[in-house]
Amino acid sequence: MIDARVWLLWALTTLVAASSTRNPLYAVLLLLVTTVVGIVCAPDQGRQVPLSPLRFAAMAVPLAALFNGLTAHLGHTVLFRLPDWLPLLGGLVTLEALVFGATNGLMLTVIFGGFAVFNQVTPVRDLVKLTPRAFHETGVVLSIALTFIPQTVRSLNRIREAQAVRGHRVRGLRDWLPIVVPLLVSGLERSMGLAEAMVARGYGAVSGRAQPLRTQGLLVVGLLALLGGWLAFLFLPSWKGSAVGMMIVGAVIIVGVVWLAGRAVSHTAYRRHRWTARDTLAVLGCGLTLAVILLPLPLMDRGTLYYSPYPRLTLPIFDPLIGLGLLGLLVPAVITTGGRDER
Amino acid sequence: MIHFDHLTYTYPDSSQPALADVTLHIAEGEFVLVAGPSGAGKSTLLRCLNGLVPHFTGGTLSGSVAVAGHDPVAEGPQVLSRLVGFVFQDPEAQFVLDRVEDEIAFALENGAIPPTEMRVRIEEVLNLLDLAPLRDRPLETLSGGEKQRVAIAAALAFRPRILVLDEPTSQLDPQSAEDVLRALVRLNCDRGLTIVLVEHRLERILPHADHLIYLPPPPIGGDSRGVLSGLPRHVLHQMNLTPPLVTLGKELGWKPLPFTVKEGHRFAAKSQILNPKPQVSEKQSVIRYSLFVIRNLHFAYDQEDILRGINLEVAPGELVALMGRNGSGKTTLLKCIVGLLRPQQGEITLESESLIKQETASICQSVGYLPQEPDDLLFADTVAEELVVTLRNHGLLDSPPIAPADLLARLGLSSLAASYPRDLSVGQRQRVALGAVTVTRPRLLLLDEPTRGLDYFAKRELVRLLREWQAEGVGVLLVTHDVELVAQAADRVVLLSQGEVFADGSPEMLTASPLFAPQVARLFPGTGWLTVEDALAGLNVEVEDAN
């Protein structure tokens, strides 16, 4: 098992990598990497995502290509021309614009795939634990929402079937009423039932100490300092140094208050994850990818990251060293396979 | 251990008390069964034990409750959670997390129990409920019985002295219900845990119960009604609707009343059987099957064969019971019939007209389908409107095959025509849903587990309705686990296993099956009797002669 915090770092690294390049070759590589990690690391019994990355790509890539192709009238390879009187759409439709749009769709798929894997591999319990102690209640709400989603999807399917056997056909918006009303009512009934069950299980019996007024006041001071510092940074160029100092003080106060508030929450954890060499390896993998993406390292052609099909479509260049760096995201799959072999 | 003293409780916005002047005592270590018709206040009584009533519900309460020296009304459910574990009807509705161990740990983590102590407690409940092999499993992959055992384990995590369960087996198939019940009996016998449990199928629980509490139906005039409480055999004598074995025992004056077939055998062995039911011959059972026919039906999902070459026929006015373990393909078959699932191979015809290519909406004009959750059908503001909506969907509003008012009268819902459907009892809601699918006057009726959560009275009403429809020539295909219902109502039984029909014959066929035989059949093997009426008819001659 890899720590949930490491998985969060992995998903964020995927996000940064996908946002930092427009090279379709790197995008395809990232997509392959996230798919392999998903297949290897997400257990068969894991939480299902409502939409598979493949289906997402089937929608996102053509839609993004079409949207960009019809609205961005740039590029030299003209495919056809739409009448100028058409607002927004009128003008040249070029191959370059279509390719740029498709690449954007591909990047969105990579980001979606990364977070889909994160969602599948992280148990709800760990998601709750990712939230700071002070926001424990928020974490519980998040976990309930996550367990509610599959239940609601099942309810929706059941209700659609039940209404269909009464001769109901969905033709327009109003026809959703017989489906939405039972769905909402059953959702509310389930919420009330869950609330009752949680109370019966003692939820809320051990409440944390009430936050003293002093702590709440400190939070306000911290927020004011942060906001004031930011405004001063933006609008008072001569006060830049003091503004940054103010922002730092404000941030420190806020972090301190959150930490204090977390201490007041009475809560224990059943299973604490022990940091292992695998977690370290996965972090190093993410670090490698981030370094390749963000740092001006020698021997690497960072220009290949910023590929653009404009003004005339050319083949993107693939730098093997950057490609190797992106493979850092594959580490969770490698160590998971290694772990299985050990058993 | 538990004392109710003249407790009266009224829900907010209600004029009638849900519990009126209840006085009773429960001793430590007892296995208590709470029985009574829907709406009698059974769940309310349970919720008084941990303070959910009135803390969660509001309302007015007079009198007092004491639970192990604590006052749930004064201390509230959160405090009482350490003393009273509570398990609800639907296990899924009470889960917060998604894995077995995490779900059990949830309450302990929130109760700030130290991790070492927590580990001990979790191991303890996992072992008690045979859940250790499932500890890492996602909850959604568990069977209904396993989920309910997880819910019980979660309720026991605080090591309460009392375990309260509100119809814990009503959503389960017989095998899963048996697993849950076995776990409860072990907790009661080995651990001395006091168990208070509401259940409609008394025959499941009676053999284990030390104490029976019967809450009579709510009075019409609003007079106070007495709660019957005491030894099960004493209380059962004063109850009208009881399990078949007990009813037979009461009719024949057997003392003490038998709760198990083994106990009943002592009396049955002394009875002289004078009038055994003639066996239905093969020739008799082969009658004009012309209404509904399924031929060689195959359905696969995700490359897994769910239905493999099903052949089935239903005659006009015939009630065919479709039985089999969970996952045998019963519900899938019903869904294929109404077009919610599309079979890969085979033919389905109703009065020689193929249903295979038709849309669900068009099939359901002549085939009424009542799914497992009748609530999914209900969304209108009034009971009468539910029927009108179906007519409108089918374009039959101007010329309804049956007037909605007439159908409501037949369903016994005339007085509730203006009521909001979701405010009604389980049995009434089910009848509204039945009305919503039969207002088109279908020629075939498909019912999926229609007696889940129904009390004996509601079940009797359902059988009456089905008989009326049968008399009009409507064919009925009934999916159920309820062997007593099948014994009472079915003309023929079809047994399904792994997507195949492995037996098809008269209900007497059930007497040979240890899994499906009703109580009377097990009591008088070889007679062909299935119901109390059969047995009384067969034994009456002897009683009359004796007189």
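Each chain has its residues counted from 1, following the order in which its sequence is written. Chain letters and ligand numbers both follow the written order, the letters beginning at A and the numbers at 1. Local features in this predicted model are restricted to residues of pLDDT 70 or higher, and side-chain atom pairs are both shown and tallied only at a pLDDT of 80 or more, whereas totals for entire chains, interfaces and linings draw on every residue.

**A short note on unusual backbone geometry**
Okay, step 1: Each neighbour pair has its own omega, and for Y310 of chain A with P311 of chain A the value is -5°, a cis peptide bond.
Okay, step 2: Numbering goes from the N terminus for both helices and strands, where a helix is a DSSP run of H or I of at least four residues and a strand is a run of E of at least two. By secondary structure assignment, the location of P311 of chain A is in the loop between helix 10 (277–294) and helix 11 (320–326).
Okay, step 3: Geometrically, the link from V53 of chain B to P54 of chain B is a cis peptide bond, its omega value of 5° lying close to zero.
Okay, step 4: By secondary structure assignment, the location of P54 of chain B is in helix 2 (residues 52–55).
Okay, step 5: Despite not being glycine, L88 of chain A shows a phi value in the positive range, around 70°.
Okay, step 6: Looking at the element boundaries, L88 of chain A is found in the loop between strand 1 (78–82) and strand 2 (91–94).
Okay, step 7: Non-glycine residue N296 of chain B carries a positive phi angle of around 50°.
Okay, step 8: Counting through the fold element by element, N296 of chain B comes out in strand 10 (residues 292–301).
Okay, step 9: Given 12 C-beta atoms within a 10 Å radius, N296 of chain B is considered exposed. Residues with at least 20 other C-beta atoms within 10 Å of their own are called buried, those with 12 or fewer are called exposed, and the rest are partly exposed. The C-beta atoms themselves are positioned from the backbone.

**Focus: the packing of helix 2 (residues 24–41) of chain A against helix 4 (residues 95–121) of chain A**
Residue and element names in this part refer to chain A.
Okay, step 1: In this description, a line fitted to the C-alpha atoms serves as the axis of each element, helices being fitted only across the stretch in contact, and the angle between N-to-C directions of two axes falls anywhere from 0 to 180 degrees. As a packed pair, helix 2 and helix 4 sit with axes 9 Å apart at the nearest point and diverge in direction by 20°. Taken together, the axes of helix 2 and helix 4 lie roughly parallel to each other. Helix 2 and helix 4 meet at a crossing whose hand is left-handed. Here P24, A27, L30, L31, T34, T35, V37, G38 and C41 of helix 2 come into contact with helix 4, specifically with T103, L106, M107, T109, V110, G113, G114, A116, V117, Q120 and V121.
Okay, step 2: For the contact of helix 2 with helix 4, the class distribution of residues is 12 nonpolar, 8 polar and no charged. Each angle gets one of four labels, with under 35 degrees taken as roughly parallel, over 145 as roughly antiparallel, 65 to 115 as roughly perpendicular, and the rest as oblique. By definition, any crossing whose near helix is turned counterclockwise from its far helix by less than a right angle is left-handed, and any crossing with a clockwise turn is right-handed. Two residues qualify as being in contact provided that their C-beta atoms, derived from the backbone, are within 7 Å of each other. Three classes are used, and their members are as follows: Ala, Val, Leu, Ile, Met, Phe, Trp, Tyr, Cys and Pro are nonpolar, Asp, Glu, Lys and Arg are charged, and the others, Gly among them, are polar.

**Brief notes about the packing of helix 5 (residues 100–110) of chain B against helix 7 (residues 144–156) of chain B**
In a pair of packed helices, the angle between the axes and the distance between the axes together describe the arrangement.
Residues and elements named next belong to chain B.
Okay, step 1: Contact geometry of helix 5 with helix 7 gives a least axis separation of 8 Å together with a crossing angle of 30°. In terms of axis orientation, helix 5 runs roughly parallel to helix 7. For the crossing formed where helix 5 meets helix 7, the hand is right-handed. Together, V100, E103, I104 and A107 of helix 5 and V150, A153 and A154 of helix 7 make up the contact between the two elements.
Okay, step 2: Counted by class, the contact of helix 5 with helix 7 contains 6 nonpolar, no polar and 1 charged residues.

**Focus on the domain arrangement of chain B**
All names here are of chain B.
Okay, step 1: One can read the domain layout of chain B as domain 1 (2–240), domain 2 (242–280 + 526–547) and domain 3 (282–525).
Okay, step 2: What counts as a domain boundary in this text is fixed by an automatic or database domain assignment. Taking only C-alpha atoms, the centre of domain 1 and the centre of domain 3 are 33 Å apart.
Okay, step 3: Between domain 1 and domain 3, the contact holds 11 residues from the first and 13 residues from the second.
Okay, step 4: Residue composition of the side of domain 1 that touches domain 3, grouped by class: 2 nonpolar, 6 polar and 3 charged.

**Topic: the sheet that holds strand 15 (residues 367–370) of chain B**
Residue and element names in this part refer to chain B.
Okay, step 1: The 6 strands are arranged 15-16-17-12-18-19 in an open sheet whose pairing can be described as mixed. Single-partner strands in this sheet number two, and they are strand 15 and strand 19 (500–505). Within this sheet the neighbouring strands show an average axis-to-axis angle of 15°, counted without direction.
Okay, step 2: Two strands qualify as a pair provided that DSSP identifies no fewer than 2 bridges between them. Relative to strand 19, strand 18 (residues 492–497) runs antiparallel, the two being bridged by 5 bridges. What sits directly across from V493, in strand 19, is G505.
Okay, step 3: Strand contacts of helix 14 (residues 330–337): strand 12 (319–323), strand 15, strand 16 (444–448), strand 17 (475–479) and strand 18, with the helix running at about 145° to strand 16, the strand carrying the most contacts.
Okay, step 4: Seen against the sheet, helix 18 (residues 426–438) touches strand 15 and strand 16 and runs at an angle of roughly 155° to strand 15.

**Thoughts on the domain arrangement of chain A**
Okay, step 1: Assigned domains within chain A: domain 1 (4–135 + 275–342) and domain 2 (213–264).
Okay, step 2: A C-alpha centroid distance of 35 Å is found between domain 1 of chain A and domain 2 of chain A.

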